[in-house]
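Residue-level structural notes
Below are the chains, spelled out letter by letter.
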Amino acid sequence: PQIEKGKGKEIEMKKSLSLTLLAAAGLIVFSIASCGGSSQPQAKSIVPEDAEKVAKANYSYDEEDADTTASSSAAKTVTAAKGFKGFNVYTDLRSPDNHYIASGYMGDYSDVKIDGACFDNPHSGTTCIKVTYSNATSQGARWAGMYWQSPANNWGDKKGGFDLTGATKLTFWARGANGGERIEEFKIGGITGLYPDSDIAGIGPVLLTADWQKYEIDLNGKDLSYISGGFCWGTNVDVNPDGATFYLDDIKYE
C-alpha cells in the first residue's frame, strides 16, 4: 500500500509538472506573439500621391544639400506607378517641381557663378538661371562646367538619382547675354563612380543667340533607370576668350 501510495504521489507530481510546463509554454508563446505585434516596426507603403509630396518637399533648386535617398525612391515610385508625365529640373525659383541641384562645379570652378533667381527677362515665370563664366582660368584647367546633381555634390559615391524611364527627350531654353556665346556641350547622365548613371546623352557645340531658343537632347533608346546627373553644360576659354554670360530656363524631361 505504501508503494502504491508513493506511485500515486509521483503521478500527481508529473501531472502538476506537465501542467506547469504547458502553462509556461503558453505564456512564452503569448509573450512572443505580443512582442511581434506591438514592438516590431511596421513598414509603411508610399502610395504615389504621398511619394510625390515627399519628392516635392525635399527638392528645390537652391537647396544646398540633402539626404535624398527617400526622395529618390519616392520619385521612382511615382514614375513606376503613374507612368512618365514629365519631370522638371528647373522651372522657377523655389518651385516645388524642381529636381536636381546645381552643385557639380568642374574645371576652373572659381570662374563659374550661378544665379538661380535671375529676374532678367526669363523665358517664363518670374525667374531664370544666369550663368557667368569668366576667362580667368583660376584653376589652370582652361575649361569649366556645371552638373545639376541628385543629391548635391554626388559624383557617384552615394545613392541618389531618379528613374526617368519613359522620357524621350530633355528640353531646355537658353540665350546668351550678347549672342555668340559657345557652349561646347549640354548633356544628361555620364556620372561614374560606385553608383554610376545608367546612360549619357548630349548635344553640342551650341552657339547661343541673344533671344531665347529651345534646345532638345534626344533620349530615345537610352537607359534612364538611374540618372543622378540630371543636366550639365561645359565650355572653355578657347571658344569664349572674353568669357560668357548666358541664361537657362524651363529645363524638363518629357
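Every value quoted in this text rests on a predicted model; they were computed, and no experiment measured them.

**Looking at the sheet that holds strand 8 (residues 185–189)**
Pairing is antiparallel in the open sheet, where five strands are placed in the order 2-5-12-8-9. Only two strands of the sheet have a single neighbouring strand rather than two, namely strand 2 (101–107) and strand 9 (200–203). Ignoring which end each strand starts from, the neighbouring axes of this sheet average 20° apart. Bridge count between strand 8 and strand 9: four bridges; the pairing is antiparallel. Each residue of the ladder has a partner; that of phenylalanine 186, found in strand 9, is isoleucine 203.

**Brief notes about the pairing of strand 6 (residues 169–176)**
When you tally the buried positions in strand 6, you get six out of eight residues, the bulk of the element. Two strands pair when backbone bridges link them, and strand 6 and strand 11 (residues 213–218) are joined in this way by six bridges, in the antiparallel orientation. Bridge pairing links lysine 169 to aspartate 218 in strand 11.

**Side note on the environment of asparagine 153**
Tracing the backbone through its elements, the reader meets asparagine 153 in the loop between strand 5 (143–149) and strand 6. For asparagine 153, a relative accessible area of 37% corresponds to the partly exposed category. Taking the C-alpha atoms as reference points, asparagine 153 and alanine 102, separated by 51 residues in sequence, lie 8.5 Å from one another.

**Some points on unusual backbone geometry**
Note the cis peptide between serine 150 and proline 151, where omega equals -10°. Here the amide bond leading from glycine 204 into proline 205 is cis, since omega sits at 0°, within 30 degrees of zero. With respect to the helices, strands and loops of the structure, proline 205 is situated in the loop between strand 9 and strand 10 (206–207). The phi torsion at asparagine 153 lies on the positive side, around 60°, for a residue other than glycine.

**Overview of the nonpolar core**
Ranked by internal contacts, the top residues of the largest apolar core, which has 36 residues, are Trp148, Phe172, Trp233, Leu248 and Tyr253. Among the secondary structure elements, those contributing two or more residues to this core are strand 1 (87–90), strand 4 (128–133), strand 5, strand 6, strand 8, strand 11, strand 12 (229–236) and strand 13 (244–253). Looking at this core element by element, the count peaks at four residues for strand 13. Those residues in contact with leucine 248 that lie beyond four places of it in its chain are Cys128, Ile129, Val131, Trp148, Phe172, Trp173, Ala174, Phe186, Trp212, Phe231 and Trp233.

**Some details on the pattern of salt bridges**
Summed over all chains, the structure comprises four salt bridges. Between aspartate 120 and arginine 175 there is a salt bridge; the shortest N-O distance is 3.9 Å. Remark: arginine 175 occurs in strand 6 and aspartate 120 occurs in the loop between strand 3 (112–118) and strand 4; sequence separation between them is 55 residues. The exposure class assigned to arginine 175 is buried, which follows from its relative accessible area of 5%.

**Things to note about the side chain of glutamate 181**
For glutamate 181, the position within the fold is in the loop between strand 6 and strand 7 (182–183). With sequence-adjacent residues up to four places away left out, glutamate 181 is seen in contact with Gly176, Val206, Leu207, Leu208, Asn240, Ala244 and Thr245.

**With respect to the side chain of asparagine 154**
With respect to the helices and strands, the residue asparagine 154 is situated in the loop between strand 5 and strand 6. You can call asparagine 154 buried: its relative accessible area is 0%. Once you skip the residues sitting within four places of it in the chain, asparagine 154 turns out to touch Gln149, Gly160, Ile191, Tyr226 and Ser228.

**So, the packing of aromatic side chains**
The full count for this structure, using the stated rule, is 10 aromatic pairs. When the centroid spacing of 5.3 Å and the interplanar angle of 75° are considered together, the rings of tyrosine 100 and phenylalanine 162 count as edge-to-face. Here tyrosine 100 is found in the loop between strand 1 and strand 2, whereas its partner phenylalanine 162 is found in the loop between strand 5 and strand 6, with 62 residues between them in sequence. According to the relative accessible area criterion, phenylalanine 162 is buried, its value standing at 0%. Ring centres of tyrosine 147 and tryptophan 155 lie 5.8 Å apart, and the angle between their planes is 90°; this geometry places the pair in the edge-to-face category. Its relative accessible area of 4% is what places tyrosine 147 among the buried residues. Grouping aromatic residues by their ring pairs yields a cluster made of Trp148, Phe172, Phe186, Tyr215 and Phe231. When the ring centre of tyrosine 247 is taken as reference, the NZ or CZ atom of arginine 175 above it lies at 4.0 Å.

**Observations regarding the confidence of the model for the chain**
The predicted model of the chain averages 78 in pLDDT, with 68% of residues at 70 or higher. Low pLDDT (under 50) marks residues 1–81, which in the prediction has 69 contacts with non-local residues, meaning those over four places away or in another chain.

The rules behind the values
Residues numbered from 1 in each chain as written. Predicted model: local features only at pLDDT ≥ 70, side-chain atom pairs only at ≥ 80, totals over all residues. Heavy atoms only, no water. Pairing = 2+ DSSP bridges. Helix = DSSP H or I, 4+ residues; strand = E, 2+ residues; numbered from the N terminus. Axes fitted to C-alpha atoms, helices over the stretch in contact; angles between N-to-C directions. Buried < 20%, exposed > 50% of the residue type's maximum accessible area, 1.4 Å probe, protein only. Core = buried A, V, L, I, M, F, W, Y, C linked by side-chain atoms within 4.5 Å. Contact = heavy atoms within 4.5 Å. Salt bridge = Lys/Arg side-chain N within 4 Å of Asp/Glu carboxyl O. Phe/Tyr/Trp six-rings, centres within 6.5 Å; stacked < 30°, edge-to-face > 60°. Lys NZ or Arg CZ within 6 Å of the ring centre and 35° of its normal. pLDDT = per-residue confidence, 0-100.

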